[in-house]
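Each chain, written out:
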Amino acid sequence: MKKIADQVSVLMKDHGKKVVLVSSGACAVGVQTMGMSEKPESVEECQALSAIGQIHVITKWERAFAPHKLLCSQLMLTHHDFNIRSSCKNLIATLRVLFQWGIVPIVNENDPIATSELTVGDNDRLAALLSSQVAAKHLLLLTDINGLYDADPRFNPEAKKLDIIEAVTKTMLNAAGGPGAKGRGGMRSKLESARFAAACGVCAIIAHSREEQVVLRTILDENSQIGTKILPVPWDQPADDAVNERRRWIACKRTTGVVTVDQAGEDNFMARGDINTDHIVEHEGTFGVGDTVEVRDASGHEIGRAVTSISNTSFNDHSHEVAIGCDDLAILEPPRPNTTH
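What you see is a predicted model, and the numbers here were worked out from it, not measured in a lab. Each chain has its residues counted from 1, running along the sequence as written. In view of the model being predicted, local features appear only for residues whose pLDDT reaches at least 70, and side-chain atom pairs are presented and counted only at 80 or more, with totals across whole chains, interfaces and linings using the full set of residues. Values reported for side chains reflect all heavy atoms of the structure, with hydrogen atoms and water molecules removed beforehand.

A word on the overall build of the protein chain
Here is step 1: Helix and strand assignments follow DSSP, with helices taken as H or I runs no shorter than four residues and strands as E runs no shorter than two, numbered in order from the N terminus. When its secondary structure is counted, the protein chain shows eleven helices and 13 strands.
Here is step 2: Sequence separation of 24 or more characterises 68% of the internal contacts of the protein chain that already satisfy a separation of 6 or more.
Here is step 3: Areas reported here follow the Shrake-Rupley algorithm with a probe of radius 1.4 Å; residue values treat only the protein chains shown as occluding. Entry remark: accessible area of the protein chain is about 17,400 Å², with carbon and sulfur atoms responsible for 50%. Between two residues, a contact is recorded if the distance between any of their heavy atoms is within 4.5 Å.

Okay, here's the thing in structure tokens:
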């Protein structure tokens, strides 16, 4: 923690950067505090351990930043804080004030009270959601491996690190491992989070937490070869900041259904145009007007999310009508090159 705090203080004081720390480990610290040999399986016990561990985590951060005369704040979040527009706006407003005051926001998921409906899942995903909502330039995901390799470096000594990735593919996700022993995040989680952040215009970097000066070198040196950099998808952003904020919010909302569009619908979606009911070839789940749905292309691949203008029960009654408005969508898929047939 001290090494991270030392580097964050340099970013804030010497370079004027605004930094949010998403810190995990509350449950693991709770296990240690209680003298347990392993994390219990009971949800209630894990939530209680998180409540015990969180106070120790934030205290350690306070002590790490104290020599730099930087104060910390604590934000405990669930997916509800992103899913509800008013809550999300309040979160952004709070962070902006903390930035103005030069305070270090320490963020963690509110595990002691989170239910399956409210949980974000892990802190990789939480960090990606936050980076999208504050329109961050960088998202640094620290792990115990120095980035993404073309094979598992723990078992294949000839594995090569991928320095730059233009897009996270299904093959990469399928090849990634599961969660670690003491937490929920793993390489797959980091790749999924990096993919989401990159789709929202944030440059994501996956790097080893013990790399020397990893924070400063990855953030300040754009040519750094540390870790793996996932390039951001260029946003075709309108001049209206309110529209941009709304689209970023739509991207992080929980979905209640799925709509599959034909080629014309996909073309309109990627061009940020309206999607008519005629272009929706299939829909799943239960959703009403104003709910958020996952939008898929004809192959079943997610290309974005959108707020619907009609319910799932009304498609047959609303032919040739707008199902998704141009201001009610968020593209999560990099633009694909045109192909000729």
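Right, picking up where we left off after that structure.
Some words on the nonpolar core
Here is step 1: With 44 residues, the main nonpolar core has L77, F82, L139, L191, F196 and I230 as its most contacted residues.
Here is step 2: In terms of residues, this core owes the most to one element, helix α8 (residues 187–199), which gives seven residues.
Here is step 3: The contacts of F82, once residues within four sequence positions are left out, are L77, C88, L91, L126, L129, L130, Q133, W249 and C252.
Here is step 4: We call a set of buried residues a nonpolar core when its members are Ala, Val, Leu, Ile, Met, Phe, Trp, Tyr or Cys and they connect through side-chain atoms within 4.5 Å of each other. Buried means the residue's accessible area, taken with a 1.4 Å probe over protein chains only, is under 20% of the maximum for its type, while exposed means over 50%, and partly exposed covers the values in between. By size, the runner-up hydrophobic cluster in this structure holds 25 residues, among which are M12, V19, V29 and V214.

Considerations on empty space enclosed by the protein
Here is step 1: Only protein atoms enter the 1 Å grid used here, on which a cavity is any set of points holding a 1.4 Å probe that cannot leave and a pocket is any open set flanked by protein within 12 Å on both sides along at least five of seven lines; residues with an atom within 4 Å of a point are listed as lining. Grid points are joined across faces, edges and corners, and a volume is the space filled by probe spheres set on the points. Under the defined criterion, the tally for this structure stands at one cavity of 30 Å³ or more.
Here is step 2: Computed from the structure, the largest cavity encloses a volume of approximately 30 Å³.
Here is step 3: Lining the largest cavity are I205, T218, D221, S224, I226 and K229.
Here is step 4: Each residue receives one of three labels: charged for Asp, Glu, Lys and Arg, nonpolar for Ala, Val, Leu, Ile, Met, Phe, Trp, Tyr, Cys and Pro, and polar for the others, Gly being one of them. Classifying every residue of the lining of the largest cavity gives two nonpolar, two polar and two charged.

Here we look at the packing of helix α1 (residues 2–15) against helix α3 (residues 43–65)
Here is step 1: Angles here are taken between N-to-C directions and fall from 0 to 180 degrees, while the axes themselves are lines fitted to C-alpha atoms, restricted in helices to the stretch in contact. Two numbers describe how α1 lies on α3: the axes approach to 9 Å, and their chain directions differ by 50°. When the axes of α1 and α3 are compared, the pair comes out oblique. Of the two elements, α1 crosses α3, and the hand of that crossing is right-handed. For the pair α1 and α3, the contacting residues are K2, I4, A5 and V8 in the first and W61, A64 and F65 in the second.
Here is step 2: Considering only residue class, the contact of α1 with α3 consists of six nonpolar, no polar and one charged. By the definition adopted for this analysis, an angle is roughly parallel if under 35 degrees, roughly antiparallel if over 145, roughly perpendicular if from 65 to 115, and oblique otherwise. Helix crossings fall into two classes, left-handed where the near helix is turned counterclockwise from the far one by less than a right angle and right-handed where it is turned clockwise.

Some remarks on the environment of I310
Here is step 1: Tracing the backbone through its elements, the reader meets I310 in the loop between β12 (302–308) and β13 (322–331).
Here is step 2: Overall, I310 belongs to the buried group, its relative accessible area being 7%.

Here we look at the confidence of the model for the protein chain
Here is step 1: The pLDDT averaged across the protein chain works out to 85; a share of 89% of its residues lies at or above 70.
Here is step 2: Contacts of residues 179–184 to residues separated by more than four positions or lying in other chains number eleven contacts, the stretch itself having pLDDT below 50. Note: pLDDT gives the predictor's confidence per residue, expressed from 0 to 100.

Examining the sheet that holds strand β10 (residues 280–285)
Here is step 1: Strand pairing follows a simple DSSP-based rule, namely that at least 2 bridges must link the two strands. The sheet built from six strands is open, its strands ordered β9-β13-β12-β11-β8-β10 with mixed pairing. The open sheet has two edge strands with one neighbour each: β9 (275–276) and β10.
Here is step 2: Sheet topology note: the β12/β13 ladder contains four bridges and is antiparallel. Its bridge partner being in β13, A306 is matched across the sheet by L329.

Structural notes on the side chain of N312
Here is step 1: When you line up the elements, N312 lands in the loop between β12 and β13.
Here is step 2: With relative accessibility at 16%, the residue N312 sits in the buried group.
Here is step 3: Discounting residues that sit within four places of it in the chain, N312 has contacts with H283, G285, T286 and F287.

A word on α3
Here is step 1: Its 23 residues place the ends of α3 32 Å apart at the C-alpha level, agreeing with the 33 Å of an ideal helix rising 1.5 Å per residue.
Here is step 2: Approximately 30° is the largest bend angle found in α3, and it occurs at G53.
Here is step 3: Where α3 is buried, its residues meet α1, β1 (21–22), α2 (26–33), β2 (72–77) and β3 (104–109). Helix span, as expected, comes to 1.5 Å for every residue beyond the first. The quantity called bend is, for any residue, the angle between two axes fitted respectively to the seven residues ending at it and the seven beginning at it.

A closer look at unusual backbone geometry
Here is step 1: Within the chain, K69 stands out as a residue other than glycine whose phi angle is a positive 55°.
Here is step 2: Secondary-structure assignment places K69 in the loop between α3 and β2.
Here is step 3: Residue K69 is classed as exposed on the basis of its relative accessible area, which comes to 73%.
Here is step 4: Not every positive phi belongs to a glycine, and A135 is a case in point at roughly 55°.
Here is step 5: Tracing the backbone shows A135 in the loop between α6 (123–133) and β4 (138–143).

Digging into the packing of α6 against α8
Here is step 1: The geometry of α6 relative to α8 is characterised by a closest axis approach of 8 Å and an angle of 10° between their N-to-C directions. Here α8 runs roughly parallel to α6, going by the angle between their axes. Here α6 contributes D124, R125, A128, L129, S131 and S132 to the contact with α8, which in turn contributes S189, K190, S193, F196 and A197.
Here is step 2: When grouped by side-chain class, the residues that make up the contact of α6 with α8 number four nonpolar, four polar and three charged.

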